[in-house]
Amino acid sequence: MIDILIPSLLELLARDEGPEGAFFGARPSELFRRKNEKVNRSRRRICVKKDRTGRYEKRRKWIIFGSEANVKRPTYDPWPVRRYIFAVLAMVALSGSCAFAQLRLPITTARQAHHLPIDQARHGYPVRLHAVVTYYDTFIDNRFAAMFVKDSTESVFVSAPLVPLLPIRPGSIVDLEAVTSPGEFAPMLEFRKLTVVGHTSLPHDGKPISFPRLRSGADDGQWVEIEGVVRSFTLSRGNVSLELTLRDGNIRAIAVKQDGVDYARLVDAIVRIQGHATPISNQNRQMIGVTLLFPGVETLTIDKPAPPDPFALPVQAIDHLLRYSGGGEFIHRAHVRGSLTVQWPGRLVCVRDEGRGLCVQTTETTAFNPGDVIDIAGFPSHSESGVTFIDSIVRKASSAPDRLPPLVPAGKILAESRDSEFVRIDASLIGNDPASDDPVIMVSSGRYIIPAILPKGSPLPPWKEGSRLRLTGVTSIHHDLEKFMHWDGAQRPRNFRLLLQSPASVEVLEQPSWWTARHALIVLSIVF
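Once a new chain begins, its residue numbering starts again from 1 and follows that chain's sequence as written. In view of the model being predicted, local features appear only for residues whose pLDDT reaches at least 70, and side-chain atom pairs are presented and counted only at 80 or more, with totals across whole chains, interfaces and linings using the full set of residues. Excluding hydrogens and water, the side-chain figures rest on all heavy atoms present in the structure.

I'd like a rundown of the overall build of the protein chain, residues and numbers included.
Numbering of helices and strands runs from the N terminus; a helix is a DSSP stretch of H or I covering at least four residues, while a strand is a stretch of E covering at least two. When its secondary structure is counted, the protein chain shows nine helices and 27 strands. Here's how the labels work: a residue is buried when its accessible area is under 20% of the maximum for its type, exposed when over 50%, partly exposed in between, all with a 1.4 Å probe on protein chains only. Out of the 528 residues belonging to the protein chain, those deemed buried represent 44%. Taking as baseline every contact in the protein chain between residues at least 6 positions apart, the subset at least 24 positions apart corresponds to 56%. When the accessible surface of the protein chain is summed, it comes to about 29400 Å², and 54% of that surface belongs to carbon and sulfur atoms. In what follows, a contact means two residues having at least one pair of non-hydrogen atoms within 4.5 Å. Using a 1.4 Å probe, the Shrake-Rupley method yields the accessible areas, and only the shown protein chains count as cover for residues.

Here's what the structure looks like:
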């Protein structure tokens, strides 16, 4: 088809006849360049001469039955411009015809379908694949069932209907009929028809891949292998999500929930999982994250089992966490024990041992008493405030009486970087922060402005601005990371917050004086 279209187009562009017998003339630039020169062409002669005003004009002499007729025309000839426009439009149409001619339909390999340009994938080209189903999930998306198939070339994503359920499972060998689609990030397939022709074991040839490579999106939908430590798991209606720490990043792996599987035993285990790299994109087709979809425990291998009881691990001192150990590729669970200082049930637990304090986020809703001895097992991590735990579990070890913390000046807290410390501070109330999600009162101590945060839902008593208060809580220091990175390499405390257990943690030492500037003005206005 291309061999016919291209010569026809060239012949059309070279044709010298127009609607009046002379379609094309010389280009205006050529007319001015070749002054007073006769240009002989078939059936006509074109010459350029000056008229009385000194401007150039074009004269065409037509040979009609052996005689010549002079026809004056304007210098500008519109037909060359039209010729170029027509040529551009013809070439655009030809390029589309050529691309369509090079694509053999129906498409018969996953690689060819997945690597179509986005503009071509929109056309809904027919696809017929002989492949193995490696993932089928009717819970992960409420728009369609998610399915991956893998043939001898590579893998490709297929959006299937939610109902009726297809008679397939991971490992089913199918003859699939589908059409191409641009997808949300990369080209994919839309389901049309499927026939199950057999069953086989799932592939175990996943390519080991790094987290930066996953984040690049270059392996969209491909069968890969990751290795890391399972930090936690979450069960939903039909799926299980595993949070993993790799050597170079964190990722979530999602599978269809399977009955009879003890997912708790995977936490703190070193595992290898084979599944499909699945980018997460926004509405502008831009990649904003990545996850791994894997069929189930059939493609999960435990290289190092987790300890059966995390609270049986040796108790570590809080100030020894995240110190250099000289070995190990992954950070595993650690176990600390301390006295409870502040608790926000379902959100936060703060403890202190003999040397330091520690605050961790937790989903534990059981209320403990201040002073109780608490066990915490979790994965040590760092934050802007300092050392913390992620994915931690908490339990009460024993009861103990509450201890009164020391009274510390605000300047000393920053000077000594006393993060997560249980302290008392004297300060003056200057107002509250109505824009915060949690109740926050703003107090001043010396030259420092300190936000004091209460648990969500706590009522704010009618404290008056200017009241002298004594607050009991746990410090949360924010460090100046920019100076740390660009100046001397030392963490500089920038400011700190105070985390309060309840409104009872605030004691009013002195009410503000009634004789304020506002009241003085009122009195003066009455007297005078």
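Please set out the sheet that holds strand β8 (residues 172-181) residue by residue, giving values where relevant.
Two strands are said to pair when DSSP picks up at least two bridges between them. One closed barrel accounts for five strands, arranged β5-β6-β7-β9-β8; its pairing is mixed. With strand direction ignored, the average angle separating the axes of adjacent strands in the sheet is 50 degrees. Judged from the two bridges that link them, strand β7 (residues 155-160) and strand β9 (residues 188-199) form a sheet pairing that is parallel. Bridging from a neighbouring strand, Ser-159 pairs with Glu-190 of β9. Interaxial angles span 0 to 180 degrees and are taken between N-to-C directions of axes, which are lines fitted to C-alpha atoms, for helices over the stretch in contact.

Tell me what's going on with the sheet that holds strand β20 (residues 373-382), and back it up with residues and numbers.
Read across the sheet, five strands follow the order β19-β18-β17-β20-β21 without closing on themselves; strand pairing throughout is antiparallel. For this open sheet the edge positions go to β19 (357-361) and β21 (387-398), each flanked by a neighbour on one side alone. Looking at each pair of strands side by side, their axes are set apart by 40 degrees on average, direction ignored. Of the strand pairs in this sheet, strand β18 (residues 348-352) and β19 are connected by five bridges, and their pairing is antiparallel. Residue pairing across strands places Arg-352 opposite Gly-357, the latter belonging to β19.

Lay out the packing of aromatic side chains with the relevant residues and their values.
Here a Phe, Tyr or Trp ring, Trp counted by its six-membered ring, pairs with any other such ring whose centre lies within 6.5 Å, and the pair is stacked when the planes are under 30 degrees apart, edge-to-face when over 60, and tilted otherwise. Counted according to the given criterion, the structure contains four aromatic pairs. Ring geometry for Phe-233 and Tyr-263: centres 6.4 Å apart, planes at 35 degrees, overall tilted. Taken as a pair, Phe-233 in strand β11 (residues 223-235) and Tyr-263 in the loop between β13 (250-256) and β14 (270-281) lie far apart in primary sequence, 30 residues in all. An aromatic cluster is present here, built from Tyr-135, Phe-144, Phe-148 and Phe-157 joined pairwise through their rings.

Run through a nonpolar patch on the surface, naming residues and quoting values.
Each patch is assembled from residues with relative accessible area greater than 30% and no salt bridge, linking like charges that lie within 9 Å and nonpolar side chains (Val, Leu, Ile, Met, Phe, Trp, Tyr) that lie within 5 Å. Salt bridges are identified by distance alone: a Lys or Arg side-chain nitrogen within 4 Å of an Asp or Glu carboxyl oxygen. Among the surface-exposed residues, Leu-322, Ile-331 and Val-387 lie close enough to one another that they form a single nonpolar patch of about 230 Å² accessible area. Counting through the fold element by element, Ile-331 comes out in the loop between β16 (300-304) and β17 (334-344).

Any chance you could break down the pairing of β9 for me, citing the residues and the numbers?
Across ten bridges, the pairing between β8 and β9 is antiparallel. Within the sheet, the bridge partner assigned to Val-179 lies in β9 and is Glu-190. Between the end of β8 and the start of β9, which pair antiparallel, lie six residues, with Gly-183 showing a positive phi angle near 70 degrees.

Requested: an account of the pairing of strand β6 (residues 145-150), with residues and values cited.
Taken across its six residues, β6 has six buried, putting it largely inside the fold. Residues of β6 alternate between two faces, with Ala-145, Met-147 and Val-149 on one and Ala-146, Phe-148 and Lys-150 on the opposite face, all of them buried. Taken together, the five bridges between strand β5 (residues 126-137) and β6 define a ladder with antiparallel strand orientation. Paired with Tyr-135 across the bridge in β6 is Phe-148. Examined bridge by bridge, β6 and β7 share six bridges and lie antiparallel to one another. Paired with Lys-150 across the strands is Ser-155, a residue of β7.

Kindly report on the confidence of the model for the protein chain, identifying the contributing residues and their values.
Of the residues in the protein chain, 76% reach a pLDDT of 70 or more, and the chain-wide mean stands at 83. Every residue is assigned a pLDDT by the predictor, reflecting its confidence on a scale from 0 to 100. Low pLDDT, under 50, characterises residues 1-50; the predicted model gives this stretch 82 contacts beyond four residues in sequence or across chains. Low pLDDT, under 50, characterises residues 56-76; the predicted model gives this stretch 52 contacts beyond four residues in sequence or across chains.

Report on the side chain of Asp-141, specifying residues and quantitative values.
Inspection of the secondary structure assignment puts Asp-141 in the loop between β5 and β6. Judged by relative accessible area, which is 17%, Asp-141 ranks as buried. Nitrogen and oxygen atoms within 3.5 Å of one another constitute a polar contact, given that in protein one can donate a hydrogen and the other can accept it, and given that sequence-neighbouring residues count only through two side-chain atoms. Among the polar contacts made by the side chain of Asp-141, one reaches the main-chain amide nitrogen of Arg-143 at a distance of 2.8 Å.

Tell me about unusual backbone geometry, and name the residues and values.
Note that the residue after Leu-105, namely Pro-106, is joined by a cis bond; omega there is 0 degrees. Unusually for a residue other than glycine, Asp-268 sits at a positive phi of about 80 degrees. Structurally, the position occupied by Asp-268 is in the loop between β13 and β14. The buried category is assigned to Asp-268, whose relative accessible area is 4%. Positive phi, normally seen in glycine, also occurs at Leu-322, with a value near 60 degrees.

I'd love a proper account of the side chain of Lys-150, names of residues and values included.
With respect to the helices, strands and loops of the structure, Lys-150 is situated in strand β6. Not counting residues within four places of it along the chain, the set of residues in contact with Lys-150 comprises Ala-131, Val-132, Thr-134, Ser-155, Pro-203, Asp-205 and Trp-223.

Can you lay out the nonpolar core for me, pointing to particular residues and giving the numbers?
For the purposes of this section, nonpolar cores are sets of buried Ala, Val, Leu, Ile, Met, Phe, Trp, Tyr and Cys residues that join through side-chain atoms within 4.5 Å. Ranked by size, the top nonpolar core spans 26 residues in total, and within it Met-147, Val-149, Ile-168, Leu-176, Leu-189 and Phe-191 carry the most contacts. Among the secondary structure elements, those contributing two or more residues to this core are α4 (110-114), β5, β6, β7, β8 and β9. Among the elements that line this core, the one with the most residues is β5, at five residues. Setting aside chain neighbours within four positions, we find Leu-176 in contact with Val-127, Arg-128, Leu-129, Val-149, Val-158, Leu-189, Phe-191, Lys-193 and Leu-194. Ile-209, Val-224, Tyr-263 and Ile-273 belong to the second largest nonpolar core, which has 24 residues in total.

Hey, could you go over the environment of Leu-500 for me, with residue numbers and the actual values?
Among the structural elements, Leu-500 can be located in strand β26 (residues 493-500). For the pair Leu-500 and Gly-473, spaced 27 residues apart in the sequence, the C-alpha separation amounts to 4.6 Å. If we ignore the near neighbours within four places in the chain, the residues touching Leu-500 are Val-342, Trp-344, Ala-452, Ile-453, Leu-454, Pro-455, Leu-471, Thr-472, Gly-473, Ser-505 and Val-506.

I'd like a description of the environment of Arg-128, backed by residues and values.
Within the fold, Arg-128 resides in strand β5. Exposure remark for Arg-128: the relative accessible area of 53% places this residue in the exposed category. Considered as a pair, Arg-128 and Glu-177 are 49 residues apart in the sequence and their alpha carbons are 4.7 Å apart. For Arg-128, the contacting residues outside a window of four places in its chain are Pro-106, Ile-107, Thr-108, Leu-176 and Glu-177.

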